Structures are given as C-alpha cells and as structure tokens.
Protein chains: 2
Amino acid sequence: MTRITENPAFIQPTVSGPTATLVTSLSQAIHEHRLVPGTKLGEDELSEIYNVSRTVVRQALQALSHEQLVELKRNRGAFVAKPTIREAREVFEARALLEPRTARSAAERMTEAALTRLEAHIAAEHEALDAGESGKALRLSGQFHIEISHIANQSIIAGFIERLVARSSLIIALYWKRHSALCEEHAHHALVEAFRRGDGQDAEELMKSHLVDIVSALDLREAPSTDVSLKDILSG
Amino acid sequence: MTRITENPAFIQPTVSGPTATLVTSLSQAIHEHRLVPGTKLGEDELSEIYNVSRTVVRQALQALSHEQLVELKRNRGAFVAKPTIREAREVFEARALLEPRTARSAAERMTEAALTRLEAHIAAEHEALDAGESGKALRLSGQFHIEISHIANQSIIAGFIERLVARSSLIIALYWKRHSALCEEHAHHALVEAFRRGDGQDAEELMKSHLVDIVSALDLREAPSTDVSLKDILSG
DNA sequence: GTGCACAGGATTGTATGCAATCTGGTTTTG
DNA sequence: CAAAACCAGATTGCATACAATCCTGTGCAC
C-alpha cells in the first residue's frame, strides 16, 4: 500500500478544528467526483451526516466557497459549483501560464526526497486504477501537479496552482469527453524523468504538452448563443 | 469630486449581507493603512463598533483570512496579517509575472469608457493627495492596478491580481522606505497614454518598470539569519 | 384544463448562551 | 529575589434558538 501524505483537499487550509476536517472531507468527495457539480449541500443534512453542528457546516461551506468549489446562494443554500465553459477555458489558460514555468523551477531544485514523493504519487495512482478506484486515481493525478508546485518552492504561485487544480476537478466532471483516466499514462512518468535529470527546459515542455493534452479531452464548445431568438431557431 | 465606483475592498466578495459590508469596511481600513499589520481584531470589539452580532464578525474575519489580509490564530483571535520579507518578495515576483502581460492585454482591448475610468482613478488619486489624504491615495493607487486587470478581461488572472494587490497594502505598510506617495507620479499617466494608443508592448514595458520602481522603494533586506547562534553573535 | 394566490413546512441567516481556552496578575515556594 | 503555581476575567469556539425567506403543494377562479 503506497502511502500518500499530501493534502487530499488540494488547497492549504485557512480553517482549523472540526471545520477543517469537514472541508477536507467535502473537498475530497468533490475531487473524486463523488460529489458532482450542481449538488445541493444542505446545512442540516451535512450536520447530520458528519455529526457536527450547523455552525461548523456553515464555516466549512464558507471556506469551500472561497475556494470556488462551492457556490453559496443567499437564502437558497450551497451547491457544488458548476464552472461555465468560459471559466473552464480561463482556468486552463492560467494553468498553461503558471505550471510549465513551475515545472522548470521544480526540475532545477529537485531532490531525492522530492523525486521519491512524486514516484509514490504515480505508484498510488496506478494502484487506484488497478483497483478500479477511478475517483481516487483522479484525485491523485491532481495532487501530482500540486506536489510539483510545492517543490518549486514559490508559495504564492503554488497557492494559485492549488486553486486552479482544485477547480479543474469540477471542470473535468462537467466537460471530460474521454473514457480513459485523466492524465495520459506516460506523461507523469516522463515529467519525473526530466526532473531526475534536472532538465528544466524538458520539464517545461512536457508540462506544456501535458496540459494541452488535458484540454484536448475537454468538450469546451460554446453552447448556442442565447442571443438567437426562439423565432429564428424555429424558422430554420 | 471625482467619483470612483470600483471595489474599495479590492477582492470580489464571496459573502453577502451585513458580512459583506463589514468585510468592505475592514478591507478599506487596511488598504488605507488605518488598520496596521499586527493589530488585534477582537470579535466583541468589532461587534460593538459596527453594531452587528459576533456571528457576522466571525464570518467577516473568516473571509478576510481567506484573502490573507487577516490571520486567525486558534483560541487567540484575529490579527491584521504581517507578511514576511519572503512573502513580500514572492508577492511582487508574482505581480511581475502577471501584471505586465495583463497591461498588454488591457491595451489591446481598451475602450473609451475604460480609459475614462482609468483617468478618473488618477484624478481621484491626485485629489486625495492634494487633500492630504495619503491613505485614500494609496488605496486608489492599488485600485488603478486592479482596474487594469479587469479591462484585460481574464477573470481568473484578474482574481489573482486582486489578491496580490490587496496583500501589497500590508507589505507597503511594513516595508515602505520612501517618504513620497506610493506610485511615482507619472507612471500611471504614462500607462494610460500607452493604453490610449493601444500600444500593448509599451504598456507591458511600462508596467514592468513601474513594478520595479515600487519594489525598489521597499526595504526587503533579510533580517540576520536566526541560524546564527547567540554565542556566535556575542563573540563578535 | 390552466394559471394564480396562498399557506405551511423546510431551510437559511443571525443572535445569544455556554463551555473551553488563554492571558495576565497575584500568591506561594525554594 | 526568581520561578512556579494558581486563579479570575476576557476571549474564542461552538451549539442552539428564533426570525426571515424560500419553495412546493393545494385550492380556487376563469
């Protein structure tokens, strides 16, 4: 059993105590696609399921709202967020801006311990796939990306990448059109090999193409414009 | 009186109702340096000052904690955040990465209405300076940067810039070593002229040098390393 | 049969109360 | 005199209660 000790919630917590536990649990369910976009998250219901008071639930929902994983609608409740196609595009544009340079930085400051951690991520991901746990494999894929950003040791940019990768879980739940697992099989391996050689340029290029590959599996075609009137549509 | 209608809290709100009002008020006080880093923000005290219950105060403090403007210490209370020198450096590195390209995008999609808004920002900033309201001028300087990111119309990156500029208020409060106002007098003017010409490359270069200028006014020398033992220090 | 109005129950927003924790001052001990 | 222990008041974490708002189902009018 490969042990992964990194944060299953992806984003470093700003809350503590039972609230943090609940945030981690809900985040993990979102990243593993057990909680799907649009799901209503009722306070009383969560309070019962997790055996905490509504106070803790509200704090956790507020935290998840700040992470843009949950949308709070005043007087209506909390819902797992549904990023629009526009938002999906922008998230991956931002990832394409930040992650390749972060991969380069990671390659340039790679250590044996960090390589070991990355390899453990890949091993755990494969184990999850072999065990038919696709949700877990998906979450571990995301964590692999975040681990790279931590190795690069630029905490501000890493924080942004955490947010982007976390939101990517929702985007993938909504718009993924491939039947296979998220990240192409050899992409993470190739990245780790580049890191092992300390080859920043290779790492940067591999991350770029890896992200392009992910985007190519998302169906981000715009829905028909709502500016078109019903009359125009019906008159062919 | 030049009216500025943009968000004095810098960061788009994720809370609503009285909580949002309180967040805006506290943020503004932070950006105008009326609330200085390290200040204790007691729940009962804020509750009395703002005439809201502790529930609303706690929600607002949590929101400010998510924005990294406030640090919540469990069982000890909330404090206006004090970014370390390391953090200060990283914030401006991230700004140097994001803002010049955002300025370029803004130049390429500039409209008359947007130019008018930017000019109004500059006018309001000068008015505040002339009236001796340096805190307000400071906040308006920050808002100018955020307005540019909104014109660029990339909402994810704009969101990151909001967070970075917001945090810059704390950094400036702690580390500013110049006696003059924050942004050099002609820098914002020059940017607006580049925007007027639609000159993306010029805008990008001007933003780069503008940020370099800001960093040059910050005292970010590292304190002596704490790895040095007391014995080493005392033995000369 | 369809559309509108209303009522009741469910849920959310917020206030308040109580227990847990911390801090600072005082007392005791060596 | 200095350090440790103790205690009381202040503050924070969290639960619970109540008011406000929303949603859905039912009844009535056309």
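The structure this text deals with has already been given above.
Remember, it's a predicted structure, so these values are computed and weren't measured experimentally. In this convention, every chain numbers its residues from 1, walking through the sequence in written order. Think of it this way: whatever chain is written first is A, whatever ligand is written first is 1, and the rest follow in order. pLDDT decides what is reported in this predicted model: residues at 70 or higher carry local features, side-chain atom pairs at 80 or more are listed and counted, and totals for whole chains, interfaces and linings draw on all residues regardless. Note: side-chain values were computed over all heavy atoms of the structure, leaving out hydrogens and water.

## As for the interface of chain B and chain A
Quite often, the size of an interface is put as the accessible area lost when its parts meet.
Link 1 in the chain: Between two residues, a contact is recorded if the distance between any of their heavy atoms is within 4.5 Å. Taken together, the contact between chain B and chain A spans 29 residues of the former and 29 residues of the latter.
Link 2 in the chain: A buried area of about 2400 Å², summed over both sides, lies between chain B and chain A, and 56% of it is on carbon and sulfur atoms.
Link 3 in the chain: When two components associate, each loses some accessible surface as probed by a 1.4 Å sphere; the sum of these losses over both components is called the buried area. The three residues of chain B that bury the most area against chain A are B:His66, B:Ile156 and B:Phe160, which together make up 24% of that side's buried surface.
Link 4 in the chain: Salt bridge criterion: a side-chain nitrogen from Lys or Arg within 4 Å of a carboxyl oxygen from Asp or Glu. Here chain B is connected to chain A by zero salt bridges.
Link 5 in the chain: Polar contacts, as counted here, are pairs of nitrogen or oxygen atoms within 3.5 Å of one another; within protein the pair requires one atom able to donate a hydrogen and one able to accept it, and residues that are adjacent in sequence qualify only if both atoms are side-chain atoms. In this assembly, chain B and chain A are joined by 12 residue pairs in polar contact (both at pLDDT 80 or more).
Link 6 in the chain: Breaking the side of chain B that touches chain A down by element, the ones donating at least two residues are helix 1 (17-31), helix 3 (54-66), helix 4 (85-108) and helix 7 (155-175) of chain B.
Link 7 in the chain: Helical segments are the DSSP runs of H or I of at least four residues, strand segments are the runs of E of at least two, and each set is numbered from the N terminus. For the side of chain B that touches chain A, the element with the most residues is helix 4 of chain B, which contributes eight residues.
Link 8 in the chain: Note on residue classes: Ala, Val, Leu, Ile, Met, Phe, Trp, Tyr, Cys and Pro are nonpolar, Asp, Glu, Lys and Arg are charged, and everything else, Gly too, is polar. Grouping the constituent residues of the side of chain B that touches chain A by class yields 11 nonpolar, 10 polar and eight charged.

## Considerations on the pairing of strand 2 (residues 70-73) of chain A
All names here are of chain A.
Link 1 in the chain: Of the strand pairs in this sheet, strand 2 and strand 3 (residues 77-80) are connected by four bridges, and their pairing is antiparallel. Across the sheet, Lys-73 pairs through a bridge with Gly-77, a residue of strand 3.
Link 2 in the chain: Here, any two strands with at least 2 DSSP bridges between them count as paired. Counting the residues in the hairpin turn of strand 2 and strand 3 gives three residues, including Asn-75, whose phi is positive at 70°.

## Side note on unusual backbone geometry
Link 1 in the chain: Positive phi is not limited to glycine here, since A:Phe10 has a value of about 75°.
Link 2 in the chain: Mapped onto the fold, A:Phe10 is located in the segment before helix 1 (17-31).
Link 3 in the chain: Since its relative accessible area comes to 1%, A:Phe10 is described here as buried.
Link 4 in the chain: Despite not being glycine, B:Asn153 has its phi angle at roughly 60°, a positive value.
Link 5 in the chain: The residue B:Asn153 is located in the loop between helix 6 (134-151) and helix 7 in this model.
Link 6 in the chain: Per-residue accessibility, obtained with a 1.4 Å probe over protein chains only, is compared with the maximum for each type, and a residue is labelled buried under 20%, exposed over 50%, and partly exposed between these values. Assessed through its relative accessible area of 35%, B:Asn153 is described here as partly exposed.

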